[in-house]
Structures are given as C-alpha cells and as structure tokens.
Amino acid sequence: MNHQRHKRKESFSILFLSNTGESRKQFYVSRLFLQLSFIIVLLVCLTAGWMIYKSVTAGSRQSQLQEQIAAQEKQVRQLESEKQNLSNEKASLIKEVESLRPPADTQNNEKDSVIPKRYPCSGSNVLASTFSEEQPYLTLMTSSKSKIVAAGNGTVTIVGANAECPVIVEIKHENGYLTRYMCHEKAKQKVKPGASVKEGDTLFTITKDETMVDYQVTTEELIDPMSILDAKG
C-alpha cells in the first residue's frame, strides 16, 4: 500500500507577553505572510524615501530659483537707477545747451546782418537786366534824384571810375561779401574810401534820368544778387 506523504506548511508563532507575566497572546503566521509583509514594508520605506528625496531636491531647487530672482531684481534696480542718472544728466546737458544757445531771433538777426540783402536803389528805378554768366550783375535804370544805397553794413574800399563808369563804389562786408555799384553817368558822391557805412546809407545820388547802374555781389565767386535780396529792401 502506497503511503502518500503530505507536505506540512511551515508556519511561525508570535508570542506577546505582558511585563507582569499575567497574560500572553500567541499568533501563528505563515511564511508567505511574513514575506508579503516584508515586501510591503520595504515598498513603503522606498516610497517614503523617494518622497523625502523629491521634497528635499524641490526645496533646494526652489531656494536656487529664489536666489536667482533676488539677484535679477537687484540687477533691475541697479539698471533703473543708472537709467535715472543718465536721464538726469541728459536733462542737465539739454538745459545747459539751451542756456548757451542764443534766441532764434538773435541768430537770424546776426546771420542776416552780415548778408548785403538790401535793394541797392532808393527812388524811381527799373530792373533793366538780370544776372547771367555773360553779364554777372544786375542793371538798374534809375531816374534823377534816385539814391544808390549800401546793401549792408561794411567799409568802403574803393571810390573810383573807369572809361565806362564815372562812378564806382565798392564795399567790403562781413563773411567775405563784396558789393560793387557802377554808375554809367556822373553822380553826386556821398562817401570816401575807408568810410564805415550801414545798410541803407547813401553812396551817391543820381543826377540824370535813365541813368544805368550796375550792381554786383561777390564772395569767393560772383553770385546772383537776386538770390539774397530782401523783398522789403
């Protein structure tokens, strides 16, 4: 007769005793239960350790980010302070430049005062011809008692004559301007070489109707007097 062997399950007993020895409790657990319990405890420990690690690393990362933000905020404040200082310096320089710059009217008046811009004849006259390369001056047809006047402030450098013009007056102005007034008939001269004249001063007076007067303006080269004449001159 075959004897069947029965494999006995291995089990463990756990005994709990009180410190007085009056009571005790005993539990029986299988090997499988202990193994599962160990695995569960190990998983719990690993999970807890992972969570603690993530918490620590997250806190460290957050601390680094806060330090970076604080450093950037400090840099922004420094840049804003530098910007404000530059704005103040710019405003100060603008104010200084404005204080040194003369008024616009003064600038225009000073600029205009050195240009011989006045029309050179006071009295009845007609513009007989205009400036051209062949005739680099204006020709005026004047009447008796008309006055030829200085086109701007300056100094008389020449009072003379030639075969065509009995009266020639030349005036030197500022910034290199020269004006020349050439009368084709005799006239009453009012100035002498070396005399200082102002705009509008009489240079000579016409004594005969239909007297031709040539008017010329030069700087470094001949220019068209019409380009600088004041319409109100």
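Residues numbered from 1 in each chain as written. Predicted model: local features only at pLDDT ≥ 70, side-chain atom pairs only at ≥ 80, totals over all residues. Heavy atoms only, no water.

**Considerations on the overall build of the chain**
Note the threshold: In this text, helices come from DSSP runs of H or I with a minimum length of four residues, and strands from runs of E with a minimum of two, each type numbered from the N-terminal end. Working definition: with a 1.4 Å probe on protein chains only, accessible area under 20% of the residue-type maximum means buried, over 50% means exposed, and in between means partly exposed. Any two residues having at least one pair of non-hydrogen atoms within 4.5 Å are treated as being in contact. Here, Shrake-Rupley sampling with a 1.4 Å probe gives the accessible areas, and only protein chains in the shown set may cover a residue.
Counting secondary structure elements, the chain contains 2 helices and 14 strands. Taken over 233 residues, the chain has a buried fraction of 22%. Taking the contacts inside the chain whose residues are at least 6 apart along the sequence as the reference set, 54% of them involve residues at least 24 apart. Accessible surface for the chain amounts to roughly 17700 Å². Of this, 53% is attributable to carbon and sulfur atoms.

**Quick look at the pairing of strand β9 (residues 178–183)**
For a regular strand, side chains alternate in direction, first toward one face of the sheet and then toward the other. Keep this limit in mind: Pairing between strands is defined by DSSP: at least two bridges between the two strands are required.
In this sheet, β9 lies alongside strand β8 (residues 167–172) in antiparallel orientation, the contact comprising 6 bridges. Paired with Ile171 across the bridge in β9 is Thr179. What sits between β8 and β9 in their antiparallel hairpin is a turn of 5 residues, with Asn175 showing a positive phi close to 60°. Here β9 pairs with strand β13 (residues 211–218) via 6 bridges, running antiparallel. Residue Thr179 lies in a different strand from β13, and its bridge partner there is Val217.

**Thoughts on the packing of aromatic side chains**
So the rule is basically this: Two rings from Phe, Tyr or Trp (for Trp, the six-membered ring) form a pair when their centres are within 6.5 Å of each other. A pair whose planes differ by under 30 degrees is stacked, one over 60 is edge-to-face, and the rest are tilted.
As enumerated under the stated definition, the model contains 2 aromatic pairs in all. Between Trp50 and Tyr53 the ring centres are 5.7 Å apart and the planes differ by 35°, which places this aromatic pair in the tilted class. Pair noted here: Trp50 and Tyr53 are both in helix α1 (residues 31–100), with a separation of 3 residues, about one helical turn. With a centroid separation of 5.3 Å and an interplanar angle of 35°, the aromatic rings of Tyr181 and Tyr215 are classed as tilted. Of this pair, Tyr181 sits in strand β9 while Tyr215 sits in strand β13, and the two are 34 residues apart along the sequence.

**Section: a positive patch on the surface**
Stated precisely, the cut-off is as follows: Residues with no salt bridge and a relative accessible area higher than 30% make up the patches, which join like charges within 9 Å and nonpolar side chains (Val, Leu, Ile, Met, Phe, Trp, Tyr) within 5 Å. Here a salt bridge means any side-chain nitrogen of Lys or Arg lying within 4 Å of a carboxyl oxygen belonging to Asp or Glu. Lys and Arg are tallied as positive, Asp and Glu as negative. Neither His nor the chain termini are counted. Just so you know, the charge point we use is NZ for Lys, CZ for Arg, CG for Asp and CD for Glu.
A grouping of Lys145, Lys147, Lys188 and Lys190 is seen on the molecular surface, where their side chains present a positively charged patch. Here Lys188 is to be found in strand β10 (residues 187–189).

**A closer look at unusual backbone geometry**
In this structure, Lys145 takes a positive phi of about 75° despite not being glycine. With respect to the helices, strands and loops of the structure, Lys145 is situated in the loop between β5 (138–142) and β6 (147–149). For Asn175, which is not glycine, the phi torsion reads 60° and is therefore positive. One can find Asn175 in the loop between β8 and β9.

**Re the side chain of Thr205**
Among the structural elements, Thr205 can be located in strand β12 (residues 202–206). Beyond its immediate sequence surroundings of up to four residues, Thr205 is in contact with Lys145, Ser146, Lys147, Ala187, Lys188 and Lys190.

**Here we look at the side chain of Thr179**
The line we're drawing: Within 3.5 Å is the distance limit for a polar contact, defined as a pair of N or O atoms, with the added protein rule that one can donate a hydrogen and the other accept it, and that residues adjacent in sequence qualify only through two side-chain atoms.
With respect to the helices and strands, the residue Thr179 is situated in strand β9. Taking the relative accessible area as the measure of exposure, Thr179 reaches 0% and is therefore buried. Of the polar contacts made by the side chain of Thr179, one reaches the side chain of His173; its length is 2.8 Å. When residues no more than four places from it in sequence are discounted, the contact partners of Thr179 are Pro116, Ala151, Val169, Glu170, Ile171, His173, Tyr215, Gln216 and Val217.

**So, a nonpolar patch on the surface**
Taken together, the side chains of Leu32, Leu36, Phe38, Ile39, Ile40, Leu42, Leu43, Val44 and Leu46 define a hydrophobic patch exposed on the protein surface, amounting to about 900 Å² of accessible area. Tracing the backbone through its elements, the reader meets Leu46 in helix α1.

**Focus: the sheet that holds β6**
Spatially, 4 strands are ordered β3-β6-β12-β10 in an open sheet, and the strand pairing comes out antiparallel. The sheet is open, and its two edges are formed by β3 (121–122) and β10, each paired on a single side.

**Focus: the pattern of salt bridges**
Applying the stated criterion across every chain, the model contains 2 salt bridges. Across the pair Arg180 and Glu170 runs a salt bridge whose closest N-O atoms are separated by 2.3 Å. Within this pair, whereas Arg180 is found in strand β9, its partner Glu170 is found in strand β8, the two being separated by 10 residues in sequence. Overall, the relative accessible area of 23% leaves Arg180 in the partly exposed class.

**Section: the state of the cysteines**
In plain terms, the rule: Any cysteine sulfur atom paired with another within 2.5 Å is treated as part of a disulfide.
Tallied over the entire structure, the rule returns 0 disulfides. Here Cys165 is not cross-linked by a disulfide; its sulfur's nearest cysteine counterpart is in Cys183, at 7.5 Å.

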